[in-house]
Amino acid sequence: IGVGEMKSMSAAKVEVASVKTTDEIIAMTGDFVMNTYGRLPLSLVRGEGTRVWDAEGREYLDFVSGIAVNGLGHCHPAVVEAIRRQAGTLIHCSNLYYIESQARLAKILVENSALDRVFFCNSGAEANEAAIKLARKWGKQNYGGERYVVITARQSFHGRTLATLTATAQEKYQEGFEPLPIGFRYVPFNDLEAMDRAMTSDVCAVLLEPVQGEGGVNLCDSGYLKGVRRLCDQRGALLILDEIQTGLGRTGKLFAHQHFGVEPDILTIAKSLGGGVPIGAMLAREKVASAFTPGSHASTFGGNPLATAAALAAMEALLGEGLVEHAARMGALLMEELRGLQDRHAVIRQVRGLGLMVGVELGKEGLGGEVVAACQRKGVLVNSVHGNVIRLLPPLIVEEHEIKRVVAVFGETLSELGM
């Protein structure tokens, strides 16, 4: 390549880097990025605490938190410093070698849960994939080759890999990807009798979310998880709890299953674990974890120095700053304010949730998108699932005045829409 050509290439790169407006970013995305997301016409370029700013400098109060990823808020100083320090020291070395921050993070997770061993990966889907593989391997080691079925609940969401997509018992996510892997069975959520009937001798595990996030913020009924735990113990199956969205303080306890008085055999977490850096983890009891031996499962990037340094700082902040307890208090306030709004707006069918994971079900199908767009115009970011459920996932650092502002904007929006 000649000098002139090199200069031309450099200029082209500078030109790409100089794109600033939302319209330019949208156009470039349309030209070069696969069309797999239904995006809002908004490009976020900066965040701090509970707030974000778009390419034009407009400020928003963020009650989506990157879909529960930014639990500590945007750019928590401890996480930023940990990333900066680690990036200048060692970013990656692979699991061919021992990694100090990985070991320290595993220790914190084990000491603050009822599990004994940790496998690190890069996402929630990978954590669930690892859990499914571990459950099958454990089942075959203990019962033979026919013990491989995993039961999941309708309206669940467990990921986008082929196995976790199949575990996700929602046909809209599976359409077009058939044939799906075998070995999954679906039951209605909160139906203990259906679970009892489904738990035949070929079942190695049950995989459930304590609160179904993508399914519409659906909570377990009182006693349901205990009943499932009892059935698993009776039938010799494992209980896997997917706490990718509900875990790490989101519901007002470190893990959502602690609200229900049960302990899983396998636990999956991700989302807020890294303070914004991609990382997932699968935790298991010793008797189950031992089914994995060297070569059974792996991840090139899983638990690398950069990701675990960020997650270690995030966990220390979460536990050290009292954010789990704060989330419980702020969650109670958010529910109280929203139920007050429900008294004034008949379109609000139900307010449900745990801690700072709240869903507002609207009585009109398809209204969710209109509400999200209208709130955005007023400087508030919320999310819609299932077309008519507004999902609120503020950072755990959210304060009372921010909650009241969002609820006020939500109420104004419903009034303007004639609801």
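Up top is the structure these notes are about.
Residues numbered from 1 in each chain as written. Predicted model: local features only at pLDDT ≥ 70, side-chain atom pairs only at ≥ 80, totals over all residues. Heavy atoms only, no water.

Asks: Mind showing me how you'd approach the pairing of strand E11 (residues 266-269) here?
Replies: Successive residues of a regular strand alternate their side chains across the two faces of the sheet. Side chains of E11 alternate between two faces, with Ile 266 and Thr 268 and Leu 267 and Ile 269 buried alike. Here strand E10 (residues 238-242) runs beside E11; their pairing, made up of three bridges, is parallel. What sits directly across from Ile 240, in E11, is Ile 266. Note: E11 against strand E12 (residues 280-284), four bridges, orientation antiparallel. Bridging from a neighbouring strand, Ile 266 pairs with Ala 284 of E12. (Buried < 20%, exposed > 50% of the residue type's maximum accessible area, 1.4 Å probe, protein only. Helix = DSSP H or I, 4+ residues; strand = E, 2+ residues; numbered from the N terminus. Pairing = 2+ DSSP bridges.)

Asks: Honestly, helix H14 (residues 367-377) in this entry has me stumped. Any pointers?
Replies: Every α-helical turn comprises 3.6 residues, leaving residues that sit three or four positions apart pointing alike. Buried within H14 are the following residues: Leu 367, Gly 368, Val 371, Val 372, Ala 374, Cys 375 and Gln 376. One or two positions beyond H14, positive phi appears at Gly 379, with a value near 85 degrees.

Asks: How should I be thinking about the packing of helix H13 (residues 323-344) against helix H15 (residues 400-416) in this particular structure?
Replies: When two helices pack together, their arrangement is given by the angle between the helix axes and the distance between those axes. It is the contact of H13 with H15, at a shortest axis distance of 10 Å, that shows an interaxial angle of 25 degrees. Put simply, H13 runs roughly parallel to H15. In this structure, the crossing between H13 and H15 has a hand that is right-handed. Contact residues: H13 offers Met 330, Leu 333, Leu 334, Glu 337, Leu 338 and Leu 341, while H15 offers Glu 400, Ile 403, Lys 404, Val 407, Phe 410 and Gly 411. (Axes fitted to C-alpha atoms, helices over the stretch in contact; angles between N-to-C directions. Parallel < 35°, antiparallel > 145°, perpendicular 65-115°, else oblique. Left-handed = near helix turned anticlockwise from the far one by under 90°. Contact = heavy atoms within 4.5 Å.)

Asks: Hey, could you run me through the sheet that holds strand E2 (residues 51-54) in this one?
Replies: Two modes of strand pairing occur in sheets, parallel and antiparallel, and in both the strands are linked by backbone hydrogen bonds. Here four strands make up an open sheet; going across it, the order is E1-E2-E3-E15 and the pairing mixed. Of all the strands in the sheet, the pair left with one neighbour each is strand E1 (44-48) and strand E15 (380-381).

Asks: Help me understand the nonpolar core, please; the structure alone is not making it clear to me.
Replies: Soluble globular proteins: nonpolar side chains tend toward being buried together. In this structure, Met 195, Leu 273 and Leu 338 are the most contacted members of the largest nonpolar core, which totals 91 residues. Among the nonpolar cores identified, the runner-up in size contains 25 residues, and Leu 134, Phe 184, Ala 205 and Val 288 belong to it. (Core = buried A, V, L, I, M, F, W, Y, C linked by side-chain atoms within 4.5 Å.)

Asks: What exactly am I supposed to notice about the packing of helix H4 (residues 77-87) against helix H12 (residues 305-320) here?
Replies: In the contact formed by H4 and H12, the axes pass within 8 Å of each other and the chain directions differ by 155 degrees. Between H4 and H12, the crossing angle belongs to the class labelled roughly antiparallel. Note on packing geometry: the crossing formed by H4 with H12 is right-handed. Residues Ala 78, Val 79, Ala 82, Ile 83, Gln 86 and Ala 87 of H4 touch H12, and the partners they reach there are Pro 305, Leu 306, Ala 309, Ala 310, Ala 313 and Ala 314. Broken down by class, the residue content of the contact of H4 with H12 amounts to 11 nonpolar, one polar and no charged. (Nonpolar A, V, L, I, M, F, W, Y, C, P; charged D, E, K, R; others polar.)

Asks: Can you walk me through the packing of aromatic side chains in this structure?
Replies: The geometry of an aromatic ring pair is captured by two quantities: the separation of the ring centres and the angle between the planes. Applying the stated criterion to the full structure yields three aromatic pairs. With a centroid separation of 5.2 Å and an interplanar angle of 70 degrees, the aromatic rings of Phe 157 and Tyr 173 are classed as edge-to-face. Separated by 16 residues along the polypeptide, Phe 157 in the loop between strand E5 (149-153) and helix H7 (162-167) and Tyr 173 in helix H8 (residues 171-174) bring together distant segments of the chain. Exposure class is identical for Phe 157 and Tyr 173. Each is buried. Summarising the aromatic geometry, the rings of Phe 189 and Tyr 224 are spaced 5.8 Å apart at their centres and angled 75 degrees between planes, so their arrangement reads as edge-to-face. Here Phe 189 is found in the loop between strand E6 (184-187) and helix H9 (192-198), whereas its partner Tyr 224 is found in helix H10 (residues 224-235), with 35 residues between them in sequence. Grouping residues by exposure puts Phe 189 and Tyr 224 together as buried. Between Arg 46 and the ring centre of Trp 53, over which it is positioned, the NZ or CZ distance is 3.9 Å. In this arrangement the basic side chain of Arg 147 is found over the ring face of Tyr 143, its NZ or CZ atom lying 3.9 Å from the centre. (Phe/Tyr/Trp six-rings, centres within 6.5 Å; stacked < 30°, edge-to-face > 60°. Lys NZ or Arg CZ within 6 Å of the ring centre and 35° of its normal.)

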